[in-house]
Amino acid sequence: MTASTVAPRLKQKQIAQLISLGKRLDGRGLTDYREIHVETGIIERAEGSARVLLGKTEVMVGIKIEVGEPFSDVPNEGVLTVNAELVPLASPTFEAGPPDENSIELARVVDRGIRESKAIDMEKLCLVPGKKAFVVFVDVYVLNHDGNLIDASAMASLAALLNTKLFNYKLENEEVKIKPGYTQLPMRNHPIAVTFAKIKDKLIADPSLEEEQVMDARLTITVEKDGKICAIQKGESGYFTIEQILEAAKTAQEKAEDLRKVVVKG
Amino acid sequence: MSQKTLEKLINKDGIRADGRKLDELRPAKIEVGILSNADGSAYIEQGKNKILAAVYGPREVHPRHLALPDRALLRCRYHMAPFSVEERKSPAPSRREMELSKVIREALDPSVFLEYYPRTSIDVFTEVLQADGGTRCASITAASLALADAGIPMRDLVVACAAGKVEGRLVLDLDDAEDKVGEADVPLAFMPNLNAVTLLQMDGMLTTDEFEQVVNLAMNGCKQLYVLQKETLKAKYVTVKEEETEE
Amino acid sequence: MPIFYENRQIVTPGDLLAEGNYMAGDNTYKEGDKIYAARVGLFNYDDRNLYVVALKAFYIPSVGDLVIGKVVEVSLGGWVLDIRAPYLAMLRASDALDRPFNPQRDDLPSIFDVGDLILSKVIDYDRTRDPLLTVREPGLGKIARGQVTEITPTKIPRVIGRKGSMISMLKRETGCQITVGQNGLIMVNGKTPEDERLAIMAIRKIEQEAHTSGLTDRVGEMIRKEKGGVENVSEDT
């Protein structure tokens, strides 16, 4: 139906009132995540794939591996490229067309988490230094938007990468010849993104779509497996105080551990 | 990225590479109502094809100047995910996707009572998550269910299937490997209760006799998929009838 | 003159319901002397009138309907509302002011602003125009308190019940003021948020079990049990 993204004022008041009492519309605690389901290997044709359900938000990630040229400034490493599509069927607010600032930001935040945590052992993807390397395409496909696309996309990307197989090969005069068999994509880290929304000066984790429509600002903190922070992104026009940021960082570390268990085992 | 050595796709007993007989459909399963935002949705798996269809509407048209005064505007977008094919595909729409978007729209158009909702748009989206030949047909089969799931009044469901010629034999429901080496591929979409063909295309070469046989093969495939479509719609509500009989 | 389906049988679009001298009722259409289903639903016939009770259908405005809409735009001379229909609805400034609109004096957003929920009535609608609303009757206007919940419009009659039996029971048991919009939105205004929660829980149950019988009694029982709270738990374990 003709829908709009403006949350009714009455509901905004309701959400804000509940949050000042430490509660949320769906009964969750301020830092609780919705139910998470992770499935891997669903697209057999892709080298790796995963599908994550975070509440009703649904994101699918497909990994394709190709042989290409390394970047000239890092000739001994493979290439990682992350792309996100907010396809129109996922939300009445998504339009067909080239990536807009939201899908680009989503892709770059997911990319940052993987790249900065050195999640993929990029040196092992080098085939012929300076000339040939594996290119890892991470394609994030949002299928249903019910809030917190960043965390769902980051989890799906990690699950898909852990599911990814590289074909075996041998080099003949710098030509890559494919051999039968596969090896797992060499992974060294498991970055997890934890996103908070600020509503009425309180921080809530894993905002639903309704909560996002009401939030003043958004903060994503990506934590790698040893608890170090490897990426941060503040979004929306509002602001955070230093205290809120430090509190968020601490909560993110705890939450990341729980979320990682769901992704890495599943 | 692997290269298969050229083998025959159909053996001398008429059994295909995936074990099917010449006139056999790939196994298929369909679900409806799986996306919470879309007004209607359906998901189909047919062989290795995995396709998601969703409908938004009837709703106000954006941009406004495209609105039609006497009927709804039916719009359709067929799109493939970058990871859906062997070699990664750029997410930007290709010429093939644009042509398929058009023919899919034209296959669905006659089935919807567009004249009931002037000045609105009905937007149909199909996303191919994994492709293995015959995606335009599977997209139509799913999109039609998504329209029904959205509660949009329709004259009939639209069902689609392809048939063609591979290695000299006339076959039903070609997969990607068969389509690549085959002599002809004929996708067909059909409204069974009204006996109306709403999509028909052909690549390749066939005699008129062969063409007639291929069309009949495709129709048979369509009839089987139509049964599955109806079962899928009914399955959602079968509990209603069960509870009724308790009264 | 055959009818091909039984009463209460599930039909899908395109199913040939009957052939002959019948009338094509709701959610069916006629071609020649054949009558087909147009939506998924339960087939019914009433003498010569064949119709389908659609299991899913969106709201189409009808003059006289009470609807709850959300203001999505303040425009020149009025407001545009989302009433969960294929069309956006209009509310004229002169209607809300009950006098001609004076752009110099009257500040529209201070009356109704984007995001406000308005209880209104449809006063005009046809194929050539978007629905027109009014707030001039008593009880209509901005919803300032309480909660608004949504259900599929086809289940609204069940929330009201035969001769209003269901809605009277809900009001009685929860002590809430409940106003039902024909477009699937329901306003619940209680003395406490807890009362409102009970009412909304009851509405959800009605939506799930709309097609069953004895629902009014079961919903009433559920509310009473929830209200009873701790004392009742030990009773039914």
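Our subject is the structure listed above.
Because the structure is a prediction, the values reported are computed rather than measured. (Residues numbered from 1 in each chain as written. Chains lettered and ligands numbered in written order. Predicted model: local features only at pLDDT ≥ 70, side-chain atom pairs only at ≥ 80, totals over all residues.)

Novice: Help me understand the overall build of chain B in this model?
Specialist: Within chain B, the regular secondary structure consists of 5 helices and 10 strands. Relative to the 2.2 N^0.38 estimate, which gives 18 Å for 247 residues, the radius of gyration of chain B is 19 Å and therefore close to what a compact globule would have. Counting only C-alpha atoms and orienting by the principal axes, one finds that chain B spans roughly 55 × 50 × 35 Å. The contacts of chain B with a sequence gap of at least 6 include a subset with a gap of at least 24, amounting to 70%. (Helix = DSSP H or I, 4+ residues; strand = E, 2+ residues; numbered from the N terminus. Rg over C-alpha atoms; globule rule 2.2 N^0.38 Å. Contact = placed C-beta atoms within 7 Å.)

Novice: Is there a simple way to explain the sheet that holds strand 2 (residues 16–19) of chain C in this structure?
Specialist: Either a parallel or an antiparallel arrangement is found when strands of a sheet pair, and the pairing is made through backbone hydrogen bonds. Residues and elements named next belong to chain C. Overall, antiparallel pairing links the 3 strands, which are arranged 2-5-4 in an open sheet. Every other strand in the sheet has two partners, leaving strand 2 and strand 4 (28–31) as the edge strands with one partner each. Strand-to-strand, the axes of this sheet are offset by a mean angle of 25 degrees, without reference to chain direction. Pairing between strand 4 and strand 5 (residues 34–37): 4 bridges, direction antiparallel. Bridge pairing links Tyr29 to Tyr36 in strand 5. (Pairing = 2+ DSSP bridges. Axes fitted to C-alpha atoms, helices over the stretch in contact; angles between N-to-C directions.)

Novice: Just to check I follow, could you spell out the environment of Arg34 of chain A for this structure?
Specialist: All names here are of chain A. Considering the arrangement of structural elements, one finds Arg34 in the loop between helix 1 (9–20) and strand 1 (36–40). Through-space distance from the C-alpha of Arg34 to that of Val61 is 20 Å; in sequence the pair is 27 residues apart. With residues near it in sequence (within four places) discarded, Arg34 still touches Leu54, Gly55 and Asp206.

Novice: When you look at the nonpolar core in this model, what are you seeing that I'm missing?
Specialist: Judged by nonpolar contacts, the single largest core of 154 residues is most densely connected at Val59, Val140 and Ala156 of chain A together with Leu108, Ala142, Ala146 and Ala160 of chain B. Element by element, the count of residues in this core is highest for helix 3 (residues 149–162) of chain A, at 10 residues. Residues within four places of Leu108 of chain B in sequence aside, it is in contact with Leu74, Cys76, Val124, Ile140, Ala143, Ser144, Leu147 and Val158 of chain B. Counting 45 residues, the second-largest nonpolar core is a separate cluster that includes Tyr59, Ala85, Ile186 and Val219 of chain C. (Core = buried A, V, L, I, M, F, W, Y, C linked by C-beta atoms within 7 Å. Buried ≥ 20, exposed ≤ 12 C-beta atoms within 10 Å, placed from the backbone.)

Novice: What am I meant to see in the environment of Glu44 of chain A here?
Specialist: As for its position among the elements, Glu44 of chain A is in the loop between strand 1 and strand 2 (48–54). Along the backbone, Glu44 of chain A and Gly62 of chain A are 18 residues apart, and their C-alpha atoms lie at a distance of 9.8 Å.

Novice: Would you take a moment to explain the interface of chain B and chain A for this structure?
Specialist: Many authors give the size of an interface as the accessible area that is lost as the parts come together. On the side of chain A, 31 residues touch chain B, which itself brings 26 residues to the contact. Elements supplying a minimum of two residues to the side of chain B that touches chain A: strand 3 (49–60), strand 4 (73–80) and strand 5 (120–130) of chain B. For the side of chain B that touches chain A, the element with the most residues is strand 3 of chain B, which contributes 6 residues.

Novice: Honestly, the packing of helix 4 (residues 165–174) of chain C against helix 6 (residues 215–228) of chain C in this entry has me stumped. Any pointers?
Specialist: Helix packing geometry: the angle between the two helix axes and the distance between the axes. All names here are of chain C. Interhelical geometry of helix 4 versus helix 6 gives an angle of 10 degrees and a closest axis separation of 10 Å. Between helix 4 and helix 6, the angle is such that the two are roughly parallel. Contact residues: Ser165, Met166, Met169, Glu173 and Thr174 in helix 4; Thr216, Gly220, Ile223 and Arg224 in helix 6. Class assignment for the residues of the contact of helix 4 with helix 6 results in 3 nonpolar, 4 polar and 2 charged. (Parallel < 35°, antiparallel > 145°, perpendicular 65-115°, else oblique. Nonpolar A, V, L, I, M, F, W, Y, C, P; charged D, E, K, R; others polar.)

Novice: How should the interface of chain B and chain C be read in this particular structure?
Specialist: Between chain B and chain C, the residue contacts involve 25 residues of the former and 23 residues of the latter. For the side of chain B that touches chain C, the element with the highest residue contribution is helix 5 (residues 238–244) of chain B, accounting for 4 residues.

Novice: What exactly am I supposed to notice about the sheet that holds strand 9 (residues 192–199) of chain A here?
Specialist: Residue and element names in this part refer to chain A. Across the sheet, 4 strands lie side by side as 10-9-11-12; this open sheet has antiparallel pairing. The open sheet is flanked by strand 10 (202–205) and strand 12 (229–235), the only strands paired with a single partner. Strand-to-strand twist across the sheet, computed as the mean angle between neighbouring axes with direction ignored, equals 25 degrees. Bridge count for strand 9 against strand 11 (residues 217–223) is 7 bridges, and the pairing is antiparallel. Residue pairing for strand 11: Phe196 is matched across the bridge by Leu219. Of the strands in this sheet, strand 9, strand 11 and strand 12 are in contact with helix 2 (residues 101–116), which crosses strand 12 at around 165 degrees.

Novice: Would you explain unusual backbone geometry in this entry?
Specialist: With the exception of glycine, the majority of residues adopt a negative phi angle, and the majority of peptide bonds are in the trans configuration. The step from Gly57 of chain B to Pro58 of chain B runs through a cis peptide bond, and the omega angle for that step is 0 degrees. Structurally, Pro58 of chain B can be placed in strand 3. Residue Pro63 of chain B is bonded to the preceding His62 of chain B through a cis peptide linkage, with omega at -5 degrees. Its location among the elements puts Pro63 of chain B in the loop between strand 3 and strand 4. A positive phi angle, close to 60 degrees, is found at Asn27 of chain C, a residue other than glycine. Within the secondary structure, Asn27 of chain C sits in the loop between strand 3 (23–24) and strand 4. Its 23 C-beta neighbours within 10 Å are what place Asn27 of chain C among the buried residues. Positive phi outside glycine occurs at Asp98 of chain C, with the angle close to 65 degrees. Secondary-structure assignment places Asp98 of chain C in the loop between helix 1 (93–97) and helix 2 (108–111). You can call Asp98 of chain C exposed: it has 8 C-beta atoms within 10 Å.

Novice: Hey, could you run me through helix 4 (residues 208–235) of chain B in this one?
Specialist: Each α-helix turn comprises 3.6 residues. Residues three or four places apart therefore point the same way. All names here are of chain B. The end-to-end C-alpha separation of helix 4 is 40 Å, in line with the 40 Å expected for 28 residues at 1.5 Å each. Taken together, the buried positions of helix 4 are Val214, Leu217, Ala218, Gly221, Cys222, Leu225, Tyr226, Gln229, Lys230, Thr232 and Leu233. Elements in contact with the buried residues of helix 4: strand 1 (28–32), helix 2 (135–149), strand 6 (159–166), strand 7 (169–172) and strand 8 (184–191). (Expected span 1.5 Å × (residues − 1).)

Novice: What should I look at first to understand helix 5 (residues 193–208) of chain C in this one?
Specialist: Residues and elements named next belong to chain C. End to end, helix 5 covers 23 Å across 16 residues, agreeing with the expected 22 Å (1.5 Å per residue, within 8%). Listed in full, the buried residues belonging to helix 5 are Glu196, Leu198, Ala199, Ala202, Ile203 and Ile206. Down the axis of helix 5, the buried side of the element spans an arc of 160 degrees, and every buried residue falls inside it. When the buried face of helix 5 is taken as reference, the exposed residues oriented beyond 90 degrees from it are Arg204 and Gln208. Among the structural elements, strand 14 (147–150), helix 3 (156–160), helix 4, strand 15 (177–180), strand 16 (185–189) and helix 6 are those in contact with the buried residues of helix 5. (Arc of directions from axis to C-beta.)

Novice: Which parts of the structure should I look at to understand the packing of helix 2 of chain B against helix 4 of chain B?
Specialist: Residue and element names in this part refer to chain B. It is the contact of helix 2 with helix 4, at a shortest axis distance of 11 Å, that shows an interaxial angle of 30 degrees. When the interaxial angle is binned, helix 2 and helix 4 end up roughly parallel. Crossing of helix 2 over helix 4 shows right-handed handedness. Contacts from Thr141, Leu145 and Ala148 of helix 2 reach helix 4 at Leu225, Gln229, Thr232 and Leu233. A breakdown of the residues in the contact of helix 2 with helix 4 according to their chemical character gives 4 nonpolar, 3 polar and no charged. (Left-handed = near helix turned anticlockwise from the far one by under 90°.)

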